[in-house]
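Topology and contacts: notes
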Amino acid sequence: MIIKKEIESLLPIKDLDNLYIVADFDRTLTDENSQSSWAVMCHSKYVPKSYSEDRQTLYNFYRPIEIDETINSEQKMIAMKEWYEKHISLFIKYQLTEDTFEQAAADSNIMSFRPGAIKFINFLYEHQIPLIIISAGVGNFIETFLKQNNCYYDNIYICSNTVIFKNGIAHGVGQNVIHSLNKNEISLPSHILEKLKNRNKVILLGDQISDLKMVNKNTDRQIISVGLFTPEYDINNLINNFDIVCEQNDDYNDLKELLF
C-alpha cells in the first residue's frame, strides 16, 4: 500500500461520527476481475441473443475509448454519454421487463466483492458511517447484489442508473444518465445531504482517475482519496492522483486496518 506523506498524520481516523464514505462500485467494491453491472443482463438466459450481440457491439466500440488515457476529456464525455444512452435504449427496444431484471440479477455470478469488502461495509454499518455509492452502473443490480450478500444496510445510499418501468416494461432511467466521466455533476438527494451535513471528513474510494470527481475538493471538508488497483489502468496514474493506493495484493482488510 502506498501512502502520501502529507496524510500520514491524519491516520488512523478516530472521529468516526464526523466521517462518511463516497465509493464507486464496479471494480472498486467489486473485485478487479468482476464484470460491470451493465454486463449482468447480457449474460442472462432471460434475454434474446440479439440483445447480447447489440450490447457487445457497443462495448467493443466504446470501452477502448473509456480506458484510453490519451483521449481528451471532452471527446470522452461525448462518447460516454452516447454509449450509456444507446445501452439504455436497448432495454427499451427489447422491452425487457421488471421480472427479467429481477431474474437476471438473482442468477448472476459475474460480480464478486474485493476481499475484505463485506467486512469493511459491515464496519461502516456498525458505526453508522454513511456509505454513498455513486456508480455509473445499473442501480437495480447494485442493490440486488448488496442484498444477496446480506450487506444492504440503512446507512447505504445508491446514486446510479436505476431503470424505471412502466406497466412492467423498461422505460428509461429515473434521473440523468450517470457515466464514468460526469460524476462531478451528480447532485445528491436532500435526504442524503441531511445525513452528511454535520460530517466534515470524507474517504473517497475509486479505481480510476475520473472517480475523484465524486467529491468536490473546493470545500472545507477533509478528504482522503483511495485508489484501488485494476489491471486495465496504469497504477502510476493512481499513485500520482490518490492519497492512498491499494496495490494488487492489498485488500479491504489492509485498508480498514490503515484507516481505522
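Provided above is the structure to which this section pertains.
Here we summarise the structure given alongside this text. Computed from a prediction, not measured in an experiment: that's the story for all the values here.

This brings us to the packing of helix H1 (residues 49-67) against helix H2 (residues 73-93). Direction vectors running N to C along H1 and H2 enclose 170°, while the axes themselves pass 10 Å from each other. Between H1 and H2, the angle falls in the class roughly antiparallel. Along this stretch, H1 crosses H2, giving a crossing that reads as left-handed. Contact residues: Tyr51, Asp54, Arg55, Leu58, Tyr59, Tyr62, Arg63, Ile65, Glu66 and Ile67 in H1; Lys76, Ala79, Met80, Glu82, Trp83, Tyr84, Lys86, His87, Leu90, Phe91 and Lys93 in H2. Its residues placed into classes, the contact of H1 with H2 shows twelve nonpolar, one polar and eight charged.

With that settled, consider the packing of helix H3 (residues 98-107) against helix H5 (residues 139-148). Where H3 meets H5, the axes come as close as 10 Å, and the angle between the chain directions of the two elements is 45°. Taken as axis vectors, H3 and H5 run oblique relative to one another. For the pair H3 and H5, the crossing hand works out as right-handed. Residues Phe101, Ala105 and Ala106 of H3 touch H5, and the partners they reach there are Phe141, Thr144 and Gln148. Each residue belonging to the contact of H3 with H5 can be placed in one class, and the counts come to four nonpolar, two polar and no charged.

Each value, and the rule that gives it
- Residues numbered from 1 in each chain as written.
- Predicted model: local features only at pLDDT ≥ 70, side-chain atom pairs only at ≥ 80, totals over all residues.
- Heavy atoms only, no water.
- Axes fitted to C-alpha atoms, helices over the stretch in contact; angles between N-to-C directions.
- Helix = DSSP H or I, 4+ residues; strand = E, 2+ residues; numbered from the N terminus.
- Parallel < 35°, antiparallel > 145°, perpendicular 65-115°, else oblique.
- Left-handed = near helix turned anticlockwise from the far one by under 90°.
- Contact = heavy atoms within 4.5 Å.
- Nonpolar A, V, L, I, M, F, W, Y, C, P; charged D, E, K, R; others polar.

Read these as geometric descriptors, not functional statements.
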